[in-house]
Amino acid sequence: MALKIGSVFRRKAPKQKAERPTIAAPLSDLFAHDAPDASPRAAANLLPRFKASAGDQIDRQRGDRFTSMRLKLRAAFTPSQPVVDRRMFAGRSGVLAAMISSLEDQRLHLVIYGSRGIGKTSLLHMLSQAAKDARYIVHYSSCGAASNFQETFRAAAAEIPLLFHNGYGPTAEEAESGANFADLLPKASFSPRQFGELCARLTGTRMIIVLDEFDRSVSMEFRREIAELIKILSDRSVRVQLIIAGVAGDIAELVEHIPSIRRNILAVRIPLLTEDETRELVKTGERASGLVFDPAAIDFIVRTSSGWPYIASLISHHSGLAAIEASRSTVLPSDVSKALHGAVLELAGRIPKAAQTQVETLREKGMTKLLTLLAGASLHAGGEFDLSDIDAVAGKSADGAGAKRLVAQLANDRILLRRPDDSAESYVFLEDGLPAYLWFQGAQDDFQATRKVRVSNG
Ligand SMILES: Nc1ncnc2c1ncn2[C@@H]1O[C@H](COP(=O)(O)OP(=O)(O)OP(=O)(O)O)[C@@H](O)[C@H]1O
Ligand SMILES: [Mg+2]
């Protein structure tokens, strides 16, 4: 991927006539009365207010068509939440089909891993919905540091009605009274074997148990128990399958290193979105929000997000807001630039001050381009990158060699972390928000530079 973010602006965006807001008045208008009302009530009216109610009803006196667009935009791009609505989910059909086939045709258990924000949970939601459509019982659980086997699997068992137990049947009194599999577990603790044996009684349906954020669980005992359960479920062809998802590749290793279950699981690394898939993400949100994204703005978003759905969603959302603020229903490249500025500020709030100061010092020393290249390499590679990823991003640019030299210094300064157990040199940014932060700044600089050239060329 070449670093020419600015090239997307060379195409002239259509001139937009600003659409006048019908209600939203500029603040200065509020002061234009002949006799200012200084009462506390009037002062209170000047304070910003919500434009829509908690039930998403628009205040007719204050709202306008942009208010309703703003509401729709919020549902169209959800950068701080996983996608749960199928209509808002872009791409990934190949990965989804492969996962369904592994579950259905090979009866494997799945381990899904990938960097933060790559789209694991959203994908799990889509997979869960597809399974529910096929009448699977799906239990979704998000792990935490304190997760343990008992709580996790008791909650899962509680989702299976007793009518699916081969010893009861739908007309049994207990089944009719709404009892479930958890009622058959020992009141005190139970082992993976006991849980597996209970699940072996499942008939007439199948179950999928999803354990998301598995990397957050720190208990080795919990991990060992999960591996043991997978072994028992596989050996007895039980109608229950596990899907384990988390950030690090080591969750794949975690289960794969137990040779006895290696044949029973499929580890899937979630890839970055392709350019077409990112385009689809923007188009999906465009349809849902009622805004129109100018083709040059879409190109800008596609290039800047480098295949990261989180970044594409964040920038699209902020760009849409920038257009609405300007009372326009068309999103232009200048809105994307504003969005990047907003995103930089937002990310800055999440990156420790010390790390920010370190990179600012390097920027002041004229290393902005090199930092942008390294950030691009990290985004391009899905987090962890090696020297070949720098080449891929730098293309023919002479900055590639400089960026490679900078790697050693950044590793020394603990901005980059060298993967300790890797024979090939590979690195990650210690702060996971830093690559996007640096890349957005680079994109902004490029945009401003291209703009200056356009202005000076008349
Ligand atoms: N296929 C997709 N289509 C549209 N938006 C997506 C898609 N995948 C992810 N997103 C968006 O990207 C963001 C991150 O997605 P998600 O929360 O699923 O990632 P994750 O890998 O589970 O992140 P984390 O590691 O932090 O849990 C969300 O805002 C979501 O809205
Ligand atoms: Mg997640």
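Above this note sits the structure.
This write-up is about the structure you can find in this document. Every value quoted in this text rests on a predicted model; they were computed, and no experiment measured them. (Residues numbered from 1 in each chain as written. Chains lettered and ligands numbered in written order. Predicted model: local features only at pLDDT ≥ 70, side-chain atom pairs only at ≥ 80, totals over all residues. Heavy atoms only, no water.)

**Examining the overall build of the protein chain**
Item 1. Within the protein chain, the regular secondary structure consists of 19 helices and ten strands.
Item 2. In the protein chain, the share of contacts with a sequence separation of at least 24, taken over all contacts with a separation of at least 6, comes to 75%.
Item 3. Accessible surface for the protein chain amounts to roughly 23100 Å². Of this, 52% is attributable to carbon and sulfur atoms. (Helix = DSSP H or I, 4+ residues; strand = E, 2+ residues; numbered from the N terminus. Contact = heavy atoms within 4.5 Å. Areas by Shrake-Rupley, 256 points an atom, 1.4 Å probe, with all protein chains shown as cover.)

**Let's talk about the sheet that holds strand E1 (residues 109-113)**
Item 1. With respect to topology, five strands assemble into an open sheet ordered E2-E3-E4-E1-E5, the strand pairing being parallel. At either end of the open sheet lies a strand with only one pairing partner, and these are strand E2 (137-142) and strand E5 (265-269). Averaged over all adjacent pairs, the angle separating strand axes in this sheet is 15°, with direction ignored.
Item 2. Bridge count between E1 and E5: five bridges; the pairing is parallel. Residue Ile112 lies in a different strand from E5, and its bridge partner there is Val268.
Item 3. With respect to the sheet, helix H4 (residues 120-133) is in contact with E1, E2, strand E3 (207-212) and strand E4 (240-246), its orientation differing from that of E2 by roughly 160°. (Pairing = 2+ DSSP bridges. Axes fitted to C-alpha atoms, helices over the stretch in contact; angles between N-to-C directions.)

**Considering the environment of Arg87**
Item 1. Mapped onto the elements, Arg87 comes out in the loop between helix H2 (65-76) and helix H3 (93-104).
Item 2. On the accessibility criterion, Arg87 (64% relative accessible area) is exposed.
Item 3. There is a polar contact of 2.7 Å between the side chain of Arg87 and the side chain of Asp85. (Buried < 20%, exposed > 50% of the residue type's maximum accessible area, 1.4 Å probe, protein only. Polar contact = N/O pair within 3.5 Å; in protein donor to acceptor, adjacent residues only side chain to side chain.)

**Remarks on the site of ligand 1**
Item 1. The environment of ligand 1 is formed by 21 residues, the closest being Thr78, Ala90, Lys120, Thr121 and Ser122.
Item 2. The backbone of Gln81 places a nitrogen or oxygen atom 3.0 Å from an oxygen atom of ligand 1.
Item 3. Here Ala90 contributes a backbone N or O atom positioned 2.8 Å from a nitrogen atom of ligand 1.
Item 4. Taken by itself ligand 1 offers 630 Å² of open surface, and the protein chains cover 91% of this.
Item 5. For the shell around ligand 1, the secondary-structure elements that each account for two or more residues are H4 and helix H13 (309-325).
Item 6. At three residues, H4 tops the list of elements feeding residues into the shell around ligand 1. (Near = heavy atom within 4 Å.)

**Here's the deal with the packing of aromatic side chains**
Item 1. Considering all chains together, one arrives at ten aromatic pairs under this definition.
Item 2. Measuring from centroid to centroid gives 6.0 Å for Phe77 and Phe293, while their planes differ by 70°, and the two rings are edge-to-face. Taken together, the residues span a long stretch of sequence, with Phe77 in the loop between H2 and H3 and Phe293 in strand E6 (residues 292-293) at a distance of 216 residues.
Item 3. We classify Phe77 as buried; its relative accessible area is 2%.
Item 4. Among the residues examined, Phe293 registers a relative accessible area of 2% and is labelled buried.
Item 5. A ring pair is formed by Phe300 and Phe447, whose centres lie 5.8 Å apart and whose planes are at 15°; its orientation type is stacked. Here Phe300 is found in helix H12 (residues 295-305), whereas its partner Phe447 is found in helix H19 (residues 434-456), with 147 residues between them in sequence. (Phe/Tyr/Trp six-rings, centres within 6.5 Å; stacked < 30°, edge-to-face > 60°.)

**Structural notes on the nonpolar core**
Item 1. Of all hydrophobic cores here, the largest spans 88 residues; its most connected members are Met99, Ile243, Leu374, Phe385, Tyr437 and Phe440.
Item 2. Of the domains in this structure, domain 1 (92-269) and domain 2 (353-456) are the two that each give at least three residues to this core.
Item 3. Counting residues in each nonpolar core, the second largest holds 34 residues, with Leu185, Leu198, Cys199 and Leu242 among its members. (Core = buried A, V, L, I, M, F, W, Y, C linked by side-chain atoms within 4.5 Å. Domains from an automatic or database assignment.)

**Here we look at the pattern of salt bridges**
Item 1. Counting across every chain of the model gives 14 salt bridges.
Item 2. Residue Glu275 pairs with Arg279 through a salt bridge whose shortest N-O separation is 4.0 Å. With a gap of four residues between them, Glu275 and Arg279 both fall in helix H11 (residues 275-289), about one helical turn apart.
Item 3. Residue classification places Glu275 among the exposed positions, given a relative accessible area of 51%.
Item 4. Residue classification places Arg279 among the partly exposed residues on the basis of a relative accessible area of 28%.
Item 5. The shortest N-O distance in the salt bridge between Asp299 and Arg279 comes to 3.0 Å. In this pair, Asp299 is assigned in helix H12 and Arg279 in helix H11, connecting sequence segments 20 residues apart. (Salt bridge = Lys/Arg side-chain N within 4 Å of Asp/Glu carboxyl O.)

**Things to note about the sheet that holds strand E8 (residues 385-386)**
By way of backbone hydrogen bonds, the strands of a sheet pair with one another, either parallel or antiparallel.
Item 1. Here we have three strands laid out as an open sheet, ordered E8-E10-E9, and antiparallel in their pairing. Strands with a single pairing partner mark the edges of an open sheet, and in this sheet they are E8 and strand E9 (416-418).
Item 2. Two strands pair when backbone bridges link them, and E8 and strand E10 (residues 426-429) are joined in this way by two bridges, in the antiparallel orientation. Within E10, the residue paired with Asp386 across the bridge is Ser426.

**Section: helix H15 (residues 353-364)**
Item 1. Along its twelve residues, H15 runs 16 Å from first to last C-alpha, staying within 8% of the 16 Å computed at 1.5 Å per residue.
Item 2. When we look at burial in H15, the residues that qualify are Ala355, Gln356, Val359, Leu362 and Arg363. Down the axis, H15 shows its buried residues gathered within 125° of arc, on one side only. Summarising the geometry of H15, the exposed residues directed more than 90 degrees from the buried face are Lys353, Ala354 and Glu364.
Item 3. The first or second residue beyond H15 is Gly366, which carries a positive phi of 85°. (Expected span 1.5 Å × (residues − 1). Arc of directions from axis to C-beta.)

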